[in-house]
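# Summary of structural features
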Amino acid sequence: MTTLRAFTCDDLFRFNNINLDPLTETYGIPFYLQYLAHWPEYFIVAEAPGGELMGYSAALLMLCMFTVMGKAEGSVAREEWHGHVTALSVAPEFRRLGLAAKLMELLEEISEKKGGFFVDLFVRVSNQVAVNMYKQLGYSVYRTVLEYYSASSGEPDEDAYDMRKALSRDIEKKSVIPLPHPVRPEDIE
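Residues numbered from 1 in each chain as written. Predicted model: local features only at pLDDT ≥ 70, side-chain atom pairs only at ≥ 80, totals over all residues. Heavy atoms only, no water.

## What to know about helix H4 (residues 128-136)
Since the α-helix turns once every 3.6 residues, residues separated by three or four places project in the same direction. Taken together, the buried positions of H4 are Ala130, Val131 and Tyr134. Taken down its axis, H4 places every buried residue within 100° of arc, on the same side. Along H4, the residues that are exposed and aim more than 90 degrees away from the buried face are Val129 and Gln136. Where H4 is buried, its residues meet strand S5 (82-90), helix H3 (99-113), strand S6 (118-124) and strand S8 (158-166). A positive backbone phi angle near 100° is found at Gly138, which sits one or two residues after H4. (Buried < 20%, exposed > 50% of the residue type's maximum accessible area, 1.4 Å probe, protein only. Helix = DSSP H or I, 4+ residues; strand = E, 2+ residues; numbered from the N terminus. Arc of directions from axis to C-beta. Contact = heavy atoms within 4.5 Å.)

See the structure below:
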């Protein structure tokens, strides 16, 4: 049985298998510790019965190798207070089990409790598997961000979709009305 629990510092030394995926953004230890210190409720791992990480999720709002990481950010006055999914990753051997959907659901619940208007995330335009999964979870493309992801080995930088899902506080769903034109990373607030 999979256990969802809070991410701990010890997990930083256990989630390499999750982060080895070429579509997963990886960060330095100080970055993860900053999230853990500021938004611990948004840093969740999925652990297999044997103790291996399944995945993780982090939001500004893993042990069988699955994690979500996020945070809460934005302005309440401008109706931009929201949960942001910073990272969502599942180890290859634990994919297609519904873990990503469950972690996203938890992150959305936390964002609802914190009074968010929406949840957003950035995803590579080329990552159609993820884009389709987010669409199935109710997210839509709000805007395209040109050259958001830095490329390696001389490849061109890659565009991202800023995908959003309105929460109950956004009664008129204003937060998900798509922008008519792409933006650059420096234009993002």
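Next comes the rest of the write-up.
## Here we look at helix H2 (residues 29-38)
The set of residues buried in H2 consists of Tyr32, Tyr35 and Leu36. Burial along H2 is one-sided: seen end-on, the buried residues are contained in an arc of 100°. Seen from the buried face of H2, the exposed residues on the opposite side, beyond 90 degrees, are Pro30, Ala37 and His38.

## Here we look at unusual backbone geometry
Phi at Arg96 takes a positive value of approximately 65°, unusual for a residue other than glycine. Tracing the backbone through its elements, the reader meets Arg96 in the loop between S5 and H3. A relative accessible area of 84% means that Arg96 is categorised as exposed. The backbone of Lys173 shows a phi angle near 55°, a positive value even though the residue is not glycine. Looking at where Lys173 falls in the secondary structure, it is placed in the segment after S8. Look at Lys173 and you get partly exposed, because its relative accessible area is 40%.

## A short note on the pattern of salt bridges
Under the criterion given, the structure shown has 8 salt bridges. The salt bridge partner of Arg5 is Asp11, with a shortest N-O separation of 2.8 Å. Owing to a relative accessible area of 22%, Arg5 belongs among the partly exposed residues under this scheme. Between Lys165 and Glu108 there is a salt bridge, with its nearest N and O atoms 3.1 Å apart. Of this pair, Lys165 sits in strand S8 while Glu108 sits in helix H3; the two residues are 57 residues apart in sequence, bridging distant segments of the chain. Classification of Lys165 by relative accessible area gives partly exposed; the value is 22%. Classification of Glu108 by relative accessible area gives buried; the value is 11%. A cluster of three or more residues bridged by salt bridges with shared partners is formed by Glu147, Arg184 and Glu186. (Salt bridge = Lys/Arg side-chain N within 4 Å of Asp/Glu carboxyl O.)

## Description of the packing of aromatic side chains
Geometry of an aromatic ring pair is reported as the spacing of the ring centres plus the angle between the planes. Under the definition given, this model contains 4 aromatic pairs. Pairing Phe122 with Tyr148 gives two aromatic rings, centres 4.7 Å apart and planes at 15°, and the pair type is stacked. With a gap of 26 residues between them, Phe122 in strand S6 and Tyr148 in strand S7 (residues 140-149) connect regions that are remote in the sequence. On the accessibility criterion, Phe122 (17% relative accessible area) is buried. A ring pair is formed by Tyr148 and Tyr149, whose centres lie 4.9 Å apart and whose planes are at 85°; its orientation type is edge-to-face. Residue Tyr148 is classed as partly exposed on the basis of its relative accessible area, which comes to 31%. (Phe/Tyr/Trp six-rings, centres within 6.5 Å; stacked < 30°, edge-to-face > 60°.)

That is the geometry; function is a separate question.
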